[in-house]
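Spelled out from the first residue to the last, the chains are:
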Amino acid sequence: MTDMTTLPGQERYIAPLDETPLQDVDKLDETAPASSMWADAWRTLRRNPMFIISGLLIIFIIIVALFPSLFTKQNPNYCTLENSLGPASAGHPMGFDFQGCDVYTRVVYGTRTSLSVGLCATILVVLIGTIIGGFAGFFGGWLDSLLSRLTDIFLALPILLGAIVVLQMFKTNSSIWKIVFVMALFGWTSTARIARGAVMEAKNLEFNTASTALGSSPMRNLFRHILPNSLAPIIVVGTTSLATYIVLEATLSFLGVGLPSTTVSWGGDISQAQTSLMTNPMVLFYPSAALAITVLSFIMMGDAVKDALDPKSRSL
Amino acid sequence: MENNESKLVTMQKEQGPLLEVKDLAIDFTTDDKRAVHAVRDVSFSVYPGQWVAIVGESGSGKSTSAMSVLGLLPGTGHVVGGSIKLDGQELVGLKQKDFDKLRGTKMGLVPQDPMSNLNPVWRIGTQVKEALVANNMDVAHEKRSKLAKALAGDEVAVKGNDDETFISSTELPALLDATKAAIAEVGITGEAAERSLAYFKEEWVPGSETRWRVADDLIKAGVKDDTAWDIAKKHVTGSTMDDRIAGLLSEAGLPDAATRARQFPHEFSGGMRQRALIAIGLACRPDLLIADEPTSALDVTVQKKILDHLHMLTDSLGTAVLFITHDLGLAAERAQHIVVMYKGQVVESGPSLEVLQHPQHPYTKRLVAAAPSLASQRIISAKEHGESTDALLEHHVVGEQKLEASETIITVDHLTKEFKLPRKKEMFKAVDDISFSVKRGSTLAIVGESGSGKSTVANMVLKLLEPTSGTVTYEGKDISGFKGKELLDFRRHVQPVFQNPYGSLDPMYSIYRSIEEPLRIHGIGDKKSRVKRVRELLDMVELPESVMTRYPNELSGGQRQRIAIARAMALDPDVIVCDEAVSALDVLVQDQVLRLLNDLQVEKGLSYLFITHDLAVVRQIADEVVVMQKGKLVEHATTDEVFDHPRKQYTRDLLDAIPGGKLQLGLD
């Protein structure tokens, strides 16, 4: 009977055992390299040329910011009017601005201002945003409604307009903290939204239920499980928004409401240089180029980090 | 019938194989440009109208082989050798554009995951229409394979193409009127006429039933040949697109298809979505349908219904099916020919019953031994032969008398849980008045389909949910009152193992930290003693120490589940609540985990509350069974009692749905 119904090509076949040796059921591959999420991300980053280029640039920028005196021996505030708009010369590779200050020295010293404002604002924004968004997402209910509406209100205020108004009110105070606080005040909303979403997603994952059943308290779950699992998207917004805060600082300084003119900053210098744009455009070019390179480095870094931490968003 | 079968075989022999895969080799390229051999030397053939099953564990290359036939290899996969011939045409090396012409009309696909394979923003009908329009299908006529035509031709003479036109919904009333008159004419009246008409109303689905079938039905009802054909010719003249869409969906087993076609995927249950996908896969009447684990995401009862329906449908259309599954019992029940794959190679193939009854390759033997459906089958036949079943059971049955005598550890008393549904006034009763008790050292299984409320019961027992009414008592104490230290103590003694091995471990925690977590929460031991304890626990679940520094994403589902068991065991609990703990695993791994649970029970005297939708698994682990349906308790008895003398129809349905349940097994 069997022979009658068996069709050609469907005869009984048994592979010789030595061809496919049998292994233990569900055997652990002990040779594979260990990998956590961070180790995986690091491996992806290391292979990304964009990360290497931006990383080297950022390290360079940080060194310039920390030790400006390594790169120039001159004082950025030493200006003599007789050098006004003077061309490049030995020891002054970028020439002089309208006030007769050395452009190269001012660009070097401006790095610290831009970078510290950007970094401090980002750190503050991430902290405020994560706390507000995290609580909103974790507790939900009326607290979520309240905090989300608050976020919406702040989101509705244009950051530039808000910053101008607030900075005008406190014109007398001249520290960089003023501008950092203003940026954080208007900038936390996007991080809060991302953090809220990430926390809500992580909250519903089964390992939280598992931890609760092990005896873990809700707060312990939030800090030990949910927040660490929500960090990736927050870090991604953080790195990308760093660049925008550097630009914002320059914009505010350019508008004259940012840092006082006594503080050396790229934005301030760009603002000063516009008067001599027609006669000597290079005075405008150098601080703008420094700003552009810094911003580009951080944006590239942000993109690389995003690719590594969120492989789904990677463009192929 | 017998005659038909041998005729089919003769025809299959004449036509030759529909799909012929020879020495197929597929490679995947990794990130660092290394080639990974996914499939090697795979050969099999599928004849017209035949079901062929490829069986294997995940990673065995079964899906990859099937996808290469469709030209749908994911990512970096490519065929590096061998040949795939469909109806004599070579498919290896074909461009995607040429594949486009074959897919749909020549071969169709029913994908694995019904949740993600329908576009959520399109109506179901639109998605069926897309398949019809993309392939320029004639929606007024049926397209039947040569095979189906020849087989059907025995009973009725199908003359021309027009005999294959569908009924349209607009002409159905007139057709029924004419039928009524014709029946009356031949002298059928009263109840008999009513019965015939009711039958016709049900059978004559617009967009699915064709002219000659209508004529055939009429003749069978007693109408004269000529009159029958006259009526059919006059009133069956072809359907519109909407009719055809509804017809296809109704063929796939969706009731009230015309209304359903206007709904969106989120309004469908998993089973209904899978039916819609079957309708789409068969819309263009392919000669070959590739079904990639079409029912593994569904409950067993739904699985049985859908596969039964698919079987009937493909038989009537003469469609060949390449059926991919990890369950040997299911494969043997459905397919005539089985191909067993392991590590990218075919280890054994042949007629299904022969492979099942006399497995030769050690891997196949292992599969046969592990399949839960077959295991319960083996117990039944051993009992019939009057042999002892002890050797076949991994689980040490406590025995009814001893069960009566042993002390109760958890009691669930009139437990009810209501949920508020969005946009609805009345409360939804997820759990409705459930009572049972778990005896120390025994296993109680709760069985039911998804939505039966079984997981809700588990969550209430674990005190993760508060019941609306009723009580759960642990060692005589009502757990609802537990707070602070008492609650922590309860948590220590009652531990869970959850369904999803991918979700229940924190991906940011190393395995060591995951297993150590409960010790840390309960402040047990210092760092050194904890390391020692984690080592012991890993040894208990048979994993090497080196796994401690790894992360969950590096482990397989079964390994993660063993880690979850180790974590649950860390505090030396009395009770473990397993919520579908093995449902997401391949049969072999499932068997391994069940064995581990059984061993731990014997060793530590644990009590299990075991939640599952699969009755076949229950036989291997439980002493008592509670069957739940729609929140209510349907049946509660010992496992043997439930399997041998099920009292309720629902329990019998569940038992029937166990794949391979009707197979004759060799006892070797």
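All of these numbers come straight from a predicted model, not from anything done at the bench.

(A) Layout of the overall build of chain B. The secondary structure content of chain B amounts to 27 helices and 20 strands. Seen through its C-alpha atoms, chain B measures out along the principal axes to roughly 90 × 65 × 55 Å. Counting all 668 residues of chain B, 50% fall into the buried class.

(B) The sheet that holds strand β7 (residues 288-292) of chain B, seen in detail. Reading across from one edge, β1(A)-β10(B)-β9(B)-β3(B)-β8(B)-β7(B)-β6(B) is the order of the seven strands in this open sheet, with mixed pairing throughout. With one partner strand each, in any of the chains shown, β1 (13-14) of chain A together with β6 (107-110) of chain B form the two edges of the open sheet. Note: β6 of chain B against β7 of chain B, four bridges, orientation parallel. Note on β7 of chain B: the bridge partner recorded for methionine 107 of chain B is leucine 288 of chain B. Along the sheet face, helix α12 (residues 270-282) of chain B touches β6 and β7 of chain B and points at about 170° away from the line of β6 of chain B.

(C) Fine view of the sheet that holds strand β4 (residues 77-86) of chain B. Residues and elements named next belong to chain B. In spatial order, the strands read β2-β1-β4-β5; together these four strands make up an open sheet with antiparallel pairing. Whereas interior strands pair on both sides, the edge strands pair on one side only; in this sheet they are β2 (35-46) and β5 (89-90). Both β4 and β5 contribute to a ladder of two bridges, which runs antiparallel. By the bridge assignment for β5, lysine 85 is matched with glutamate 90. Packed onto the sheet, helix α2 (residues 62-70) meets β1 (19-29), β2 and β4 and runs at close to 110° relative to β1.

(D) Spatial organisation of helix α27 (residues 649-656) of chain B. Residues and elements named next belong to chain B. For α27, the full list of buried residues reads Tyr650, Thr651 and Leu654. One side of α27 carries all its buried residues, which in axial view fall inside an arc of 100°. Among the exposed residues of α27, those oriented more than 90 degrees off its buried face are Gln649 and Arg652.

(E) The UniProt feature "transmembrane region" (unreviewed entry) in chain A, seen in detail. Summarizing the sequence annotation, UniProt attributes the feature "transmembrane region" (unreviewed entry) to residues 51-71, 115-141, 153-170, 226-248 and 284-305 of chain A in the numbering used throughout. Across residues 153-170 of chain A, helical content stands at 83% and strand content at 0%; the span's end C-alpha atoms are separated by 22 Å.

(F) Structural view of unusual backbone geometry. All names here are of chain B. Its identity as a non-glycine residue notwithstanding, lysine 463 has a phi of 60°, on the positive side. Position of lysine 463 among the secondary structure elements: in the loop between α19 (454-461) and β14 (469-474). Taking the C-beta count within 10 Å as the criterion, lysine 463 has 19 such neighbours and is therefore assigned partly exposed. The backbone phi angle of glutamate 475 is positive, close to 50°, even though this residue is not glycine. With respect to the element layout, glutamate 475 can be found in the loop between β14 and β15 (477-478).

(G) Fine view of the pairing of β7 of chain B. All names here are of chain B. Of all five residues in β7, five are buried; the element is thus mostly enclosed. Side-chain alternation along β7 places Leu288, Ile290 and Asp292 on one buried face and Leu289 and Ala291 on a second face that is also buried. Here five bridges tie β7 to strand β8 (residues 320-325), and the two strands are oriented parallel to one another. Within β8, the position partnered with isoleucine 290 by the bridge is leucine 322. Traced from β7 through helix α13 (residues 300-317) to β8, the parallel crossover comes out right-handed.

(H) Local environment of the interface of chain A and chain B. With 37 residues of chain A at the interface, the matching set in chain B holds 56 residues. Elements that contribute at least two residues to the side of chain A that touches chain B include exactly α1 (2-5), β1, α8 (206-214) and α9 (218-255) of chain A. A per-element tally of the side of chain A that touches chain B places α8 of chain A first, with eight residues. Here the side of chain A that touches chain B is composed, by residue class, of 17 nonpolar, 15 polar and five charged.

(I) Molecular detail of the UniProt feature "domain: ABC transporter" (unreviewed entry) in chain B. Here, the residues flagged by UniProt with the feature "domain: ABC transporter" (unreviewed entry) are residues 19-368 and 410-655 of chain B. A helix fraction of 38% and a strand fraction of 26% characterise residues 410-655 of chain B, whose end C-alpha atoms lie 27 Å from each other.

(J) Up close: the pairing of β14 of chain B. Residues and elements named next belong to chain B. In the sheet, strand β11 (residues 408-420) pairs with β14 via five bridges, with the strands oriented antiparallel. The residue bridging isoleucine 410 from the neighbouring strand is tyrosine 474, located in β14. Bridge count between β14 and β15: two bridges; the pairing is antiparallel. Within the sheet, the bridge partner assigned to threonine 473 lies in β15 and is aspartate 478.

What counts, and where the lines are drawn
Residues numbered from 1 in each chain as written. Chains lettered and ligands numbered in written order. Predicted model: local features only at pLDDT ≥ 70, side-chain atom pairs only at ≥ 80, totals over all residues. Helix = DSSP H or I, 4+ residues; strand = E, 2+ residues; numbered from the N terminus. Buried ≥ 20, exposed ≤ 12 C-beta atoms within 10 Å, placed from the backbone. Pairing = 2+ DSSP bridges. Contact = placed C-beta atoms within 7 Å. Axes fitted to C-alpha atoms, helices over the stretch in contact; angles between N-to-C directions. Arc of directions from axis to C-beta. UniProt positions renumbered as here; feature names shortened; annotations may be inferred. Right-handed = clockwise from strand over helix to strand, strands pointing away. Nonpolar A, V, L, I, M, F, W, Y, C, P; charged D, E, K, R; others polar.

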